[in-house]
Each structure stands twice: as structure tokens, then as C-alpha cells.
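Reading the structure
Listed below are the residues making up each chain.
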Amino acid sequence: MNANTPRALAQRCAEQMFSQDTCAQAMAMQIDALDAGMAKVSMTVGPQMLNGHQTCHGGQLFSLADTAFAYACNSQGMAAVASGCSIDFIRPAVAGDRLTACAQVLHQGKTTGLYDVEIVNQSGKTVAWFRGRAHRLGHTILGEQP
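Residues numbered from 1 in each chain as written. Predicted model: local features only at pLDDT ≥ 70, side-chain atom pairs only at ≥ 80, totals over all residues. Heavy atoms only, no water.

Going by the annotation in an unreviewed UniProt entry, the name recorded for the protein is Hydroxyphenylacetyl-CoA thioesterase PaaI, with Serratia aquatilis given as the source organism.

As C-alpha cells, this is what we get:
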């Protein structure tokens, strides 16, 4: 892969972030795909992720979506954090389900961005929709000049 492509930059940023992302690591998340303004992150629902109804806890779903959002909104090299997020739960997930969160930029301005994340199960059925608003911090992920 050419080191100067948008995809290569997204990969380098994600590698840097993931190396310090102990939450994603503890939840056994993996990054499946990256590009400028886009990220796919997946995880398998474990028994420790279940709520009292024996379905995946909403906080676990939020964490998966938020992680994909983070890699998407930082994929262009500029450090960004969430300024607000919301999630709509569509259907339950259960232990053993393989969930994939696909984050996609809708708009990215100089300092603010808007991203949608769809979480699907292994059958391709939508489990949740997440919308995140990003705020760029004014510095880069990799210590390079903006």
C-alpha cells in the first residue's frame, strides 16, 4: 500500500490509537476496514456483556459504535473527540453474535463533523444506529504538521 494514500494515513492513525485503546482491547474489538472518514470495527458478544434480560447491554453496543466513530473521525490525521452522540437500539444481540459497526462520515468541516454508525449482526440485520458529532482538537494524531 502506498504510504501517502488516505487509506494508509487512516491505517497509521488507527494503529497509533488502538495501541492505547485499552477499552477496545478489553472488549476484544478488531478493526476490519479503514479509509478516510470510514471505519469498520467488530466484536463478538460475550457472556460478560449481557444485561439482566440476557441480551447485549446497551452500553456495550454504544462502546462498539463509539469506537468505530472514533477511528472514522480521526482517520484523516487530525485528532478529534466526540462532542455529542446518540444511539437507537433496533433489535437485541445475544451471546455469540458477531457485531460489526460501520462508521461513515456525513460531513467533515474544519473543526466539526457528523458521522453515522450502523451496527449489524452476523446475519446483516441492523442492531443499532448511532450518530456522532466530532470536534477536532487542532493537533494531529501522529505528530505531523496539519
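**Observations concerning the packing of aromatic side chains**
To keep things clear, this is the line we draw: Classification of ring pairs uses Phe, Tyr and Trp, with its six-membered ring standing for Trp, and accepts pairs whose centres are within 6.5 Å; under 30 degrees between planes counts as stacked, over 60 as edge-to-face, and the remaining range as tilted. The numbering of helices and of strands both runs from the N terminus, where a helix is a DSSP run of H or I of at least 4 residues and a strand a run of E of at least 2. A simple rule labels every residue: compare its accessible area, found with a 1.4 Å probe on the protein chains alone, to the largest value its type can have, and call it buried under 20%, exposed over 50%, or partly exposed in between.
Counted by the stated rule, this structure contains three aromatic pairs. Relative to Phe-130, the ring of Phe-62 has its centre 5.1 Å away and its plane inclined at 65°; by these criteria the two rings are edge-to-face. With Phe-62 in helix H3 (residues 58-73) and Phe-130 in strand E6 (residues 126-140), the pair connects residues that are 68 residues apart, well separated along the chain. By relative accessible area, Phe-62 is classed as partly exposed at 30%. Between the aromatic rings of Phe-69 and Phe-130, the centroid separation amounts to 5.7 Å while the plane-to-plane angle is 50°, which identifies the pairing as tilted. With Phe-69 in helix H3 and Phe-130 in strand E6, this residue pair connects regions lying 61 residues apart in the sequence. Members of the aromatic cluster, each reached through a chain of ring pairs, are Phe-62, Phe-69, Tyr-115 and Phe-130.

**So, the pairing of strand E5 (residues 112-120)**
Quick note on the threshold: Here the rule is simple: two strands pair whenever DSSP picks up at least two bridges between them.
Note that strand E4 (residues 98-108) and E5 share eight bridges and pair antiparallel. When the sheet's bridge partners are listed, His-107 is paired in E5 with Leu-114. Connecting the antiparallel pair E4 and E5 is a turn made up of three residues. As judged from the nine bridges shared by E5 and E6, these two strands associate in the antiparallel manner. Across the sheet, Thr-112 pairs through a bridge with His-135, a residue of E6. Between E5 and E6, which follow one another and run antiparallel, lie five residues, and Gly-124 among them has a positive phi close to 80°.

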